[in-house]
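Analysis of the macromolecular model
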Amino acid sequence: MVKVLIFGHALREVVEDPEVEISLDEPTTLRGLLEGHPEQFQGLMPFLQSQELMFTINQKISTWEAKVQGNDIVKITHQGGGQHSDGAMWHNP
């Protein structure tokens, strides 16, 4: 089970649930996880295309191609375009 936590007002407005648990049969990339579950994450794609998202996996800053597997905790935060940032910052647990 991978837990995905979504932070920031802008992101929480476009997803149904800011905390999602997804069962994985085998490890996949973060891209595969998000694209493979559009019902939960489709609303995040415009932010991703604008490069406004930051990902962490188990408290380590990660990339779109990073591997995720069972028992991982993925955090997605909105780092806003330009100067604005309404999401969780680097130091948030």
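The notes below deal with the structure included here. It should be emphasised that the depicted structure is a prediction, and the values quoted were computed from it without experimental measurement. Position numbers for residues start from 1 in each chain and track the written sequence from start to end. Given that the model is predicted, a residue must reach a pLDDT of at least 70 before its local features are reported, and side-chain atom pairs must reach 80 or more before they are shown or counted; all residues, however, enter totals for whole chains, interfaces and linings. Excluding hydrogens and water, the side-chain values take into account all heavy atoms of the structure.

**Considering the side chain of Ser62**
Going by this rule: Only DSSP runs of H or I reaching four residues or more are called helices, and only runs of E reaching two or more are called strands; each is numbered from the N terminus. We call two N or O atoms a polar contact when they sit within 3.5 Å, provided that within protein one can donate a hydrogen and the other can accept it, with sequence-adjacent residues counted only if both atoms are side-chain atoms. The contact criterion used is simple: two residues touch if any of their non-hydrogen atoms lie within 4.5 Å.
Its place among the elements puts Ser62 in strand S5 (residues 60-62). Of note is the side chain of Ser62, whose polar atom sits 3.3 Å from the backbone nitrogen of Ile57. At a separation of 2.8 Å, a polar atom in the side chain of Ser62 contacts the main-chain carbonyl oxygen of Lys60. Discounting residues that sit within four places of it in the chain, Ser62 has contacts with Phe55, Thr56 and Ile57.

**Structural notes on the sheet that holds strand S1 (residues 2-7)**
Stated precisely, the cut-off is as follows: When DSSP finds at least two bridges between two strands, those strands are taken to pair. Here the axes come from fitting lines to C-alpha atoms, over the contacting stretch only for helices, and the angles between their N-to-C directions go from 0 to 180 degrees.
One open sheet accounts for five strands, arranged S2-S1-S7-S4-S5; its pairing is mixed. Of all strands in the sheet, those with a lone pairing partner are strand S2 (19-22) and S5, marking the two edges. Recorded for the sheet is a direction-independent mean angle of 25° between the axes of neighbouring strands. As defined by bridge partners, S1 adjoins strand S7 (residues 73-78) across five bridges and the pair is classed as parallel. Its bridge partner lying in S7, Phe7 is registered against Thr77.

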